[in-house]
Amino acid sequence: MFFPEKITLIRPQDKVLEIGPGSSPHLRSNAFLELSYDSAEDKLSQRGGVLNEGDFGDRPVHYYQGETFPFKDNQFDYVICSHVIEHVDDPENFMREVFRVGNGRGYIEYPLITYEYLYDFSVHLNFVKFDFYQNILNFLPKRETSFKEFSGVSAIFYRTLECGWNDLCVINKNLFFEGVEFEHPFVIEKALQIERLLPPKSLVSEKNVARKFLDRVASKLGV
C-alpha cells in the first residue's frame with residue numbers, strides 16, 4: 001500500500017474486511033479475504049514474487065473462488081482493497097461485492113496506466129483510474145488494447161524492478177499509483193477512450209533546487 005495515510009474514515013467500532021492483504025495485512029483489519037489459488041506458483045505470481053506470508057495473528061482468513069464473496073450483505077463496515085482490482089476478471093462485479101459486504105464504505109488502491117506502460121505485469125488484467133469529478137471508476141481490460149506493442153520496452157523496465165531499481169515509482173508515486181477512500185458506492189464504468197485512464201499532467205512537478213543539486217553531485221560521483 002502506497003497511501004496508508006488516505007485511510008481516515010475507519011471508526012473505532014467498525015468491523016473491517018481486507019481483500020488480498022498479501023504479506024502486509026493492515027493493522028486495523030478484523031478479517032481477510034484471499035483468492036483460492038490453483039497452485040503455489042500462481043499464488044507467487046499474483047503476489048509479485050513475494051515469498052513472505054502476512055502475520056494475521058488470530059484474525060480469520062477466508063477464501064473464495066473469485067466471484068461472490070462468502071459474506072452476508074453489510075457484514076462489514078469498511079473494506080480495504082489494495083492492489084487487487086487490476087487482477088480481477090470482472091471489475092464491475094468485484095466492486096459490487098465490495099459495496100455489498102462493506103456497507104458501501106472502504107478504500108481501494110491500484111497502479112495507474114503509467115505504471116503498466118513501464119512494467120506490464122502479466123497478472124494485471126485491467127487499467128484503472130478514478131474520475132474524481134464524476135465519481136466514476138473507469139477500467140479497461142488490457143486485452144482490448146494494443147498494449148503488447150510495447151512489450152520490449154516493458155521487459156527492460158521490468159528487469160530494472162527485479163534489480164531493485166524502483167526509485168522512479170517510489171519518488172513519483174502519485175504519478176504511478178492511486179488510492180481512493182469512499183463512503184458511498186460509486187459507478188464502475190468501462191472506458192471507451194484510453195485518455196480517461198491517464199493521470200493529470202499536473203502531477204509532474206519541477207524538482208526543487210536541493211534535489212537538482214544532489215542529483216548533479218550524484219551524477220558526477222557516478223552514484
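These figures come from a predicted structure and were not determined experimentally.

Points about a nonpolar patch on the surface
Alright, step 1. A grouping of Tyr-117, Phe-150, Val-153 and Phe-157 is seen on the molecular surface, where their side chains present a nonpolar patch of about 310 Å² in accessible area.
Alright, step 2. Following the sequence through the fold, Val-153 ends up in helix α4 (residues 151-162).

Comments concerning the nonpolar core
Across soluble globular proteins, you tend to see nonpolar side chains buried next to one another.
Alright, step 1. Of all hydrophobic cores here, the largest spans 29 residues; its most connected members are Phe-94 and Met-95.
Alright, step 2. Those elements giving two or more residues to this core turn out to be β1 (16-19), β2 (31-35), β4 (78-82), α2 (91-101), β5 (106-111), β6 (126-131), β7 (136-141) and β8 (177-182).
Alright, step 3. At 5 residues, α2 tops the list of elements feeding residues into this core.
Alright, step 4. Not counting chain neighbours up to four residues away, the residues in contact with Met-95 comprise Ile-85, Ile-108, Leu-137, Phe-186 and Ile-188.

Section: the sheet that holds β6
Alright, step 1. Taken in spatial order, the 3 strands line up as β6-β7-β9 in an open sheet, and their pairing is mixed. What marks the edges here is a single partner per strand, and that holds for β6 and β9 (187-190). Within this sheet the neighbouring strands show an average axis-to-axis angle of 25°, counted without direction.
Alright, step 2. Both β7 and β9 contribute to a ladder of 4 bridges, which runs parallel. Its bridge partner lying in β9, Asn-138 is registered against Glu-189.
Alright, step 3. Strands in contact with α2 are β6, β7 and β9; relative to β9, the strand with the most contacts, it is inclined by about 175°.

Examining α4
Alright, step 1. For α4, built from 12 residues, the straight-helix expectation of 16 Å at 1.5 Å per residue is met to within 8% by its first-to-last C-alpha distance of 16 Å.
Alright, step 2. Phi turns positive one or two residues past the end of α4, at Gly-164, with a value near 90°.

Notes on the packing of aromatic side chains
Alright, step 1. Counted according to the given criterion, the structure contains 15 aromatic pairs.
Alright, step 2. Each member of the aromatic cluster is reached from another via a ring pair, and the members are Phe-2, Tyr-115, Tyr-119, Phe-121, Phe-157, Tyr-158 and Phe-177.
Alright, step 3. Looking at Lys-6, its charged tip hangs above the ring of Phe-3, at a distance of 4.4 Å from the centre.

Focus on the side chain of Arg-59
Alright, step 1. Its location among the elements puts Arg-59 in the loop between α1 (40-46) and β3 (61-64).
Alright, step 2. Lacking a salt bridge, the buried Arg-59 has Asp-58 as its closest oppositely charged neighbour, with an N-O distance of 5.7 Å.
Alright, step 3. Separated by 3.3 Å, the side chain of Arg-59 and the backbone oxygen of Asp-55 make a polar contact.
Alright, step 4. What Arg-59 contacts, discounting residues up to four positions off in sequence, is Pro-25, His-26, Leu-27, Ser-29, Asn-30 and Phe-32.

Criteria and thresholds
Residues numbered from 1 in each chain as written. Predicted model: local features only at pLDDT ≥ 70, side-chain atom pairs only at ≥ 80, totals over all residues. Heavy atoms only, no water. Patch = residues over 30% accessible without salt bridge, like charges linked within 9 Å, V, L, I, M, F, W, Y side chains within 5 Å. Areas by Shrake-Rupley, 256 points an atom, 1.4 Å probe, with all protein chains shown as cover. Salt bridge = Lys/Arg side-chain N within 4 Å of Asp/Glu carboxyl O. Helix = DSSP H or I, 4+ residues; strand = E, 2+ residues; numbered from the N terminus. Core = buried A, V, L, I, M, F, W, Y, C linked by side-chain atoms within 4.5 Å. Buried < 20%, exposed > 50% of the residue type's maximum accessible area, 1.4 Å probe, protein only. Contact = heavy atoms within 4.5 Å. Pairing = 2+ DSSP bridges. Axes fitted to C-alpha atoms, helices over the stretch in contact; angles between N-to-C directions. Expected span 1.5 Å × (residues − 1). Phe/Tyr/Trp six-rings, centres within 6.5 Å; stacked < 30°, edge-to-face > 60°. Lys NZ or Arg CZ within 6 Å of the ring centre and 35° of its normal. Lys, Arg positive; Asp, Glu negative; His and termini not counted. Polar contact = N/O pair within 3.5 Å; in protein donor to acceptor, adjacent residues only side chain to side chain.

Coordinates in, geometry out; function isn't part of it.
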